[in-house]
Amino acid sequence: QQQVKQSPQSLIVQKGGISIINCAYENTAFDYFPWYQQFPGKGPALLIAIRPDVSEKKEGRFTISFNKSAKQFSLHIMDSQPGDSATYFCAASRSSNYQLIWGAGTKLIIKP
Amino acid sequence: NAGVMQNPRHLVRRRGQEARLRCSPMKGHSHVYWYRQLPEEGLKFMVYLQKENIIDESGMPKERFSAEFPKEGPSILRIQQVVRGDSAAYFCASSPLGQGTEAFFGQGTRLTVV
């Protein structure tokens, strides 16, 4: 019940296309859902996060869509650029708890 | 404002040796978290510390692993008698208000046990 399942494991998108990464969770107590971006040899960096009181959050080219009833959330990267090539992790936690439960990651490659 | 600083970036140890990983949180942050990342996997929580206190070590193996965050100086993750299975990237994160969800991560220490 603590797991966060992330798909796909890897993704190749043409420059200018839309990259979509999906995550699913079981624990209905989770109420914070961040996405992290990690470049090789670097630590994860918070990209965007959402709480269940909204169904969508947009920051620039990055959008999180959240479906509470389905217990799913996804990251959309619009107009994908080669500089977006990285590994993306979804995560989940409860506000009352500080532990982030991480998905396994998606390696995104944007082809020029 | 320097970010979370971890050192060393790379550490090679022979089986049976000790590994010491250091983490200096961001200025003004008194909450530190350690995570471990195996290749091609997400991060796994290990331990959460505040200055001089271990708040939660539920993710840390009971044996050989210990962590501290003294009043002065960096947080230390110590692994005694390392084994090959300890090879991983170890990330430290810090936050100002105890909200691990909005923590900032260091660049990690890559431990290789040979």
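Below, the structure is looked at part by part. (Residues numbered from 1 in each chain as written. Chains lettered and ligands numbered in written order. Predicted model: local features only at pLDDT ≥ 70, side-chain atom pairs only at ≥ 80, totals over all residues. Heavy atoms only, no water.)

## Here we look at the nonpolar core
In this structure, V4(A), F33(A), W35(A), F73(A), L75(A) and Y88(A) are the most contacted members of the largest nonpolar core, which totals 25 residues. At the level of secondary structure, the elements contributing two or more residues to this core comprise β2 (10–14), β3 (19–25), β4 (33–38), β5 (45–50), β7 (62–67), β8 (72–77), β9 (86–92) and β11 (106–111) of chain A. A per-element tally of this core places β9(A) first, with 4 residues. Among the nonpolar cores identified, the runner-up in size contains 23 residues, and L21(B), M26(B), M46(B) and V82(B) belong to it. (Core = buried A, V, L, I, M, F, W, Y, C linked by side-chain atoms within 4.5 Å. Buried < 20%, exposed > 50% of the residue type's maximum accessible area, 1.4 Å probe, protein only. Helix = DSSP H or I, 4+ residues; strand = E, 2+ residues; numbered from the N terminus.)

## Topic: unusual backbone geometry
Geometrically, the link from S7(A) to P8(A) is a cis peptide bond, its omega value of -5° lying close to zero. Its location among the elements puts P8(A) in the loop between β1 (4–7) and β2. Of the consecutive residues N7(B) and P8(B), the connecting peptide bond is found in the cis state with omega at -5°. With respect to the secondary-structure elements, P8(B) resides in the loop between β1 (5–7) and β2 (10–13). With phi around 45°, D79(A) is a residue other than glycine that occupies positive phi space. Secondary-structure assignment places D79(A) in the loop between β8 and β9. Under the relative-accessibility criterion, D79(A) is labelled partly exposed at 41%.

Just geometry here; none of it tells us what the structure is for.
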